[in-house]
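Letter by letter, the chains look like this.
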Amino acid sequence: MSSPELIGHEDVLAGLWTAAGAGRLPHALLLHGPRGVGKYRAALRLAAGLLCEAGPGPPCERCPACARGRAGSQADLFVLDPTAEELETIPIWRVTPRHDHPGVETVEAFLSLRAREGGWRVVCLRDFDRAHAAAQNALLKILEEPGEATLLVLESSRPRQLLETIRSRCVAVRLEAVGVEATAELLADAGVERADALRLARWSEGAPGRAHELLREGALETVELLSGVLDGRIAPLTASARLQEAGGEFPGATDAARARSKARAAVVCALELARDLQRFEHGVEPADLAHGAALAARGRVGARPVARAVDALLRARQDVEANLSPPGILDRTALALARVNAARRGTTEGVAR
Ligand SMILES: [Zn+2]
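Residues numbered from 1 in each chain as written. Predicted model: local features only at pLDDT ≥ 70, side-chain atom pairs only at ≥ 80, totals over all residues. Heavy atoms only, no water.

## Some words on the coordination of the zinc ion
Geometry sets the ideal angles at a metal, namely 109.5 degrees for four tetrahedral donors and 90 or 180 degrees for six octahedral donors.
Part 1 of the reasoning: Within the first shell, the zinc ion binds the protein through Cys 52 (SG), Cys 60 (SG), Cys 63 (SG) and Cys 66 (SG), at distances of 2.3 to 2.4 Å.
Part 2 of the reasoning: Bound by four donor atoms, the zinc ion shows angles of 101 to 119° at the metal and therefore tetrahedral coordination geometry.
Part 3 of the reasoning: Positions of the donor residues of the zinc ion, expressed as sequence spacing, correspond to C-x7-C-x2-C-x2-C.
Part 4 of the reasoning: Overall, Cys 60 belongs to the buried group, its relative accessible area being 17%. (Donors = N, O, S within 2.8 Å, 3.2 Å for Na, K, Ca; no water. Tetrahedral: all angles 85-135°; square planar, octahedral: opposite > 155°, others 65-115°. Buried < 20%, exposed > 50% of the residue type's maximum accessible area, 1.4 Å probe, protein only.)

## Considering helix α7 (residues 180-189)
Each α-helix turn comprises 3.6 residues. Residues three or four places apart therefore point the same way.
Part 1 of the reasoning: Among all positions of α7, only Thr 183, Ala 184, Leu 186 and Leu 187 are buried. End-on, the buried residues of α7 take up no more than an arc of 160°, which puts them together on one face.
Part 2 of the reasoning: Positive phi appears at Gly 191, one or two residues downstream of α7, with a value of about 105°. (Helix = DSSP H or I, 4+ residues; strand = E, 2+ residues; numbered from the N terminus. Arc of directions from axis to C-beta.)

## Quick notes on the domain arrangement of the protein
Part 1 of the reasoning: For the protein, the assigned domains read domain 1 (10-174) and domain 2 (217-344).
Part 2 of the reasoning: Computed over C-alpha atoms, the centres of domain 1 and domain 2 are 37 Å apart. (Domains from an automatic or database assignment.)

## Structural notes on the sheet that holds strand β2 (residues 77-80)
Strand-to-strand pairing in sheets goes through backbone hydrogen bonds, with the strands running parallel or antiparallel.
Part 1 of the reasoning: Sheet architecture is open: five strands sit in the order β2-β3-β4-β1-β5, paired in parallel fashion. One side of each edge strand has no neighbouring strand; the edge strands of this open sheet are β2 and β5 (171-174). Between one strand axis and the next, the sheet turns by 15° as a mean value, whatever way the strands run.
Part 2 of the reasoning: In terms of strand pairing, strand β1 (residues 28-32) meets β5 through four bridges, oriented parallel. When the sheet's bridge partners are listed, Leu 29 is paired in β5 with Val 171. (Pairing = 2+ DSSP bridges. Axes fitted to C-alpha atoms, helices over the stretch in contact; angles between N-to-C directions.)

## Focus on the packing of aromatic side chains
Part 1 of the reasoning: Counting across every chain of the model gives one aromatic pair.
Part 2 of the reasoning: Relative to Phe 110, the ring of Phe 78 lies with its centre 5.5 Å away and its plane at 35°, an arrangement referred to as tilted. With Phe 78 in strand β2 and Phe 110 in helix α4 (residues 107-111), this residue pair connects regions lying 32 residues apart in the sequence.
Part 3 of the reasoning: On the basis of relative accessible area, Phe 110 is assigned to the buried category, the value being 8%.
Part 4 of the reasoning: Residue placement shows Arg 300 over the ring face of Phe 280; its charged tip is 4.4 Å from the ring centre. (Phe/Tyr/Trp six-rings, centres within 6.5 Å; stacked < 30°, edge-to-face > 60°. Lys NZ or Arg CZ within 6 Å of the ring centre and 35° of its normal.)

Take a look at the structure:
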């Protein structure tokens with residue numbers, strides 16, 4: 001499911017490869033835009049297309065350089081991916097060598113070497129807004145003198161978290177969501193059933209990376225359970241128990257961290273459902289809402305019970321970060337939605353606090 005096609009942005013990449021061929025590519029790019037639109041994948045594909053022996057251009061997938069790229073053994077590419085390394089933040093010792101972290105590969109050490117294959121050297125820095133100020137300052141020195149045929153690609157969904165001096169040394173390239181239809185097509189191409197692909201694409205608001213994350217997290221099942229609670233088809237504590245048992249891939253180095261990620265994902269799904277309900281109560285057409293399809297059928301509840309549910313879910317979201325027990329958080333999440341259903345029926349019977 002980690003399809004390299006799941007990107008979009010081919011026009012932007014083509015422009016950058018053309019600039020590279022003409023010697024006009026800047027030394028540093030800042031790929032920014034909404035979360036989950038494929039910025040980091042685009043950065044990796046840009047790099048692959050520079051390092052390809054037929055490049056710069058779309059990677060040919062046949063040459064030795066492309067084969068090394070696929071095998072993850074491309075010597076002229078340095079990748080810093082805090083998500084894969086399970087780093088909450090990017091420390092300075094991943095940017096510049098430090099005595100207290102000997103033997104760690106760093107951006108600076110990588111760039112001090114010549115290109116092994118005599119062509120480009122590329123550094124891809126995912127979520128660089130997660131870098132400490134010290135790490136950003138260390139990168140700043142590198143950006144001042146990156147060397148020949150060198151490209152640094154910084155990727156960020158929150159570019160304002162970057163030092164102004166970093167931003168000013170990068171050429172900013174914005175990548176937009178690719179759209180619901182295009183996202184659904186990318187998912188369908190990756191083997192997701194068409195109806196599910198379309199639902200995930202709508203929920204992600206046309207951001208393929210987010211749609212893919214929702215798929216991995218089992219959002220199809222989560223939303224089904226939570227919608228069942230909203231409709232009164234599923235008892236809240238039954239839904240909560242099933243959410244705890246449900247499968248899915250969640251980030252985290254330990255079981256406890258993964259359980260927290262799972263609870264967070266369920267609360268986020270519930271919040272998105274409740275917020276769509278809130279927009280619906282305030283007159284937004286269901287067709288314009290990610291979760292609109294089921295709303296029209298349910299009918300209105302009134303703005304107050306929905307607002308109370310949103311508040312309860314926001315507190316549940318904070319409880320996740322405060323490290324409270326995931327089962328308790330899932331119970332409160334399901335109960336918050338059950339109270340909306342109870343308000344619709346004009347009664348609170350059967351909905352225990
Ligand atoms: Zn190639």
